[in-house]
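# Per-entry structural report
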Amino acid sequence: MDESTIATVPAIWAPAAAAILGVFALYAAGVDRVLAAPRGAHLSAAASPVYETARLLRQRRRVPVKADELLWRAGAYGMLVAALLMITVVPLGSWTLFDLDVGIVWFNAMDVMIWALVWLTGWGANSAYGLVGGYRFLAHGLGYELPLMFALVAPAIAAESLRVTDVVAAQQGLWYVVWMPVAFLVYCLTVTAFSVWGPFAAAAGRDLAGGVTAELSGVDRLLFQGGRLALLAAGAAFAVPMFLGGGAGPLLPDWLWVLVKTTIVLTALVWLRHRLPILRPDKFMEIGWVIALPLVLIQDLVVAVIAAGKG
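Let me begin by describing the structure that accompanies this report. All values derive from a computational prediction rather than experimental measurement. (Residues numbered from 1 in each chain as written. Predicted model: local features only at pLDDT ≥ 70, side-chain atom pairs only at ≥ 80, totals over all residues. Heavy atoms only, no water.)

### Some words on a nonpolar patch on the surface
- A contiguous nonpolar surface patch, about 790 Å² in accessible area, is contributed by L142, I287, W289, V290, I291, L295, I298, V302 and I306.
- Looking at the nonpolar patch element by element, the count peaks at eight residues for helix α11 (residues 281-310).
- Examined against the element boundaries, V290 turns out to sit in helix α11.
- You can call V290 exposed: its relative accessible area is 58%. (Patch = residues over 30% accessible without salt bridge, like charges linked within 9 Å, V, L, I, M, F, W, Y side chains within 5 Å. Areas by Shrake-Rupley, 256 points an atom, 1.4 Å probe, with all protein chains shown as cover. Salt bridge = Lys/Arg side-chain N within 4 Å of Asp/Glu carboxyl O. Helix = DSSP H or I, 4+ residues; strand = E, 2+ residues; numbered from the N terminus. Buried < 20%, exposed > 50% of the residue type's maximum accessible area, 1.4 Å probe, protein only.)

Below is the structure:
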């Protein structure tokens, strides 16, 4: 896809982007319930996210004593806002909402904002369980943030640009996932981390009665849980222009290829939750700094050498 074919659409299309993200979040919730359901109950499990949404909308919201309601709800609601801001730089085939010169940095900045949002959700509730859950997430963040940043550096080096559309255009001959597998795998792993998902869900662990979600109820809980799923979907969508060639593919239109690839990556991330145990923050910090970070730095060095050779 040539850079000239990318069109920046008016802001009026933002609700459509939000609707697509909502569909992906609902899909992720359905797949998660199906994978967790016993044999023979898959059909009802697929519909359970809809029932759960209706239940939480009807549930009365409760507020802990002396909670900082403003910061507490800002943290819970902000997860969804961060996901919506992430997808503004993801091209849907030939269209994008924002074609920023620093689109990759924008995505990474939204990820950093999640640190504050999850911690505020735990701290603002004035609950011991929530506070411990918030600090657990910060510990996970110390382990995943640098590997995520350097995983995103690899496509930027190869494309010699921080614009997402330039990264897509640079993959005409070969998708980056083929010769940047380490960066791709580290990126996918860190997406589950900033989504408080799968092996990185210790911040909302059952041993803490739900951790940062312990005091959330009704609409507050719905928006926080929906935000987690939306972040997972946004992370899966961003992997498509970064590593999977954007809308490149045979037969189907480019926008449909973006949706198909996003669905595949999102399904894999949801499936991962049921195959890996929840990691203790201290263990993951060791994995992140001793294993993931050196590997992704070596990947960046290889990419830089190849890019310099081509230049």
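Moving on from the model shown.
### Considerations on the pattern of salt bridges
- As enumerated under the stated definition, the model contains ten salt bridges in all.
- A salt bridge links R280 to D282; the shortest N-O distance between them is 2.6 Å.
- Given the relative accessible area of 40%, D282 is considered partly exposed.
- Through salt bridges with shared partners, one network takes in R61, E69, R73 and D220.

### Digging into the packing of aromatic side chains
- Under the definition given, this model contains eleven aromatic pairs.
- Ring geometry for Y176 versus W179: centroids 5.7 Å apart, planes at 85°, classification edge-to-face. On the criterion of helical spacing, the pair formed by Y176 and W179 is a turn pair, its members being three residues apart in helix α7 (residues 176-179). There is no split in this pair, since Y176 and W179 are both buried.
- Relative to F284, the ring of F200 has its centre 4.6 Å away and its plane inclined at 70°; by these criteria the two rings are edge-to-face. (Phe/Tyr/Trp six-rings, centres within 6.5 Å; stacked < 30°, edge-to-face > 60°.)

### Details of unusual backbone geometry
- Positioned with a positive phi, N126 is a non-glycine residue whose angle comes to about 60°.
- By the element assignment, N126 lies in the loop between α4 (103-123) and α5 (128-159).
- For N126, a relative accessible area of 46% gives the class partly exposed.
- Notably, L251 is not glycine yet its phi reads approximately 70°, a positive angle.
- Looking at the element boundaries, L251 is found in the loop between α9 (218-243) and α10 (254-273).
- The exposure class of L251 is exposed, given its relative accessible area of 90%.

### Comments concerning the side chain of H140
- The residue H140 is located in helix α5 in this model.
- Classification of H140 by relative accessible area gives buried; the value is 0%.

### Details of the packing of helix α1 (residues 14-36) against α10
- Between α1 and α10, the shortest axis-to-axis distance is 9 Å and the interhelical angle comes to 35°. The crossing of α1 and α10 is right-handed. Of α10, the residues touching α1 (which contributes I20, F24, Y27, A28, V31, D32 and L35) are L259, T262, T263, L266, T267, V270, W271 and R273.
- Each residue belonging to the contact of α1 with α10 can be placed in one class, and the counts come to ten nonpolar, three polar and two charged. (Axes fitted to C-alpha atoms, helices over the stretch in contact; angles between N-to-C directions. Left-handed = near helix turned anticlockwise from the far one by under 90°. Contact = heavy atoms within 4.5 Å. Nonpolar A, V, L, I, M, F, W, Y, C, P; charged D, E, K, R; others polar.)

### Things to note about the packing of helix α3 (residues 69-86) against α9
- Two numbers describe how α3 lies on α9: the axes approach to 8 Å, and their chain directions differ by 25°. Judged on the interaxial angle alone, α9 and α3 are roughly parallel. As α3 runs across α9, the sense of the crossing is left-handed. Across from R73, A76, Y77, M79, L80, A82, A83 and M86 in α3, the residues of α9 making contact are D220, L223, F224, G227, R228, A230, L231 and A234. (Parallel < 35°, antiparallel > 145°, perpendicular 65-115°, else oblique.)

### Section: the nonpolar core
- Formed by 80 residues in total, the largest nonpolar core has its most connected members in I114, Y187, F194, F238 and F243.
- Sequence-distant contacts of F194, defined by excluding residues within four places in its chain, comprise M86, F107, D111, I114, F137, Y144, L148, L231 and G235. (Core = buried A, V, L, I, M, F, W, Y, C linked by side-chain atoms within 4.5 Å.)

### Quick word on α10
- Between the first and last C-alpha of α10 there are 30 Å, a value that for 20 residues agrees with the 28 Å anticipated at 1.5 Å per step.
- Considered for burial, the residues of α10 that qualify are W257, V258, K261, T262, V265, L266, L269, V270 and L272. (Expected span 1.5 Å × (residues − 1).)

### What about the environment of T190?
- Take T190: it is sitting in helix α8 (residues 181-194).
- In this structure, the C-alpha to C-alpha distance between T190 and G143, residues 47 residues apart in sequence, is 9.3 Å.
- Excluding its chain neighbours within four sequence positions, the residues that come into contact with T190 are Y144 and L148.

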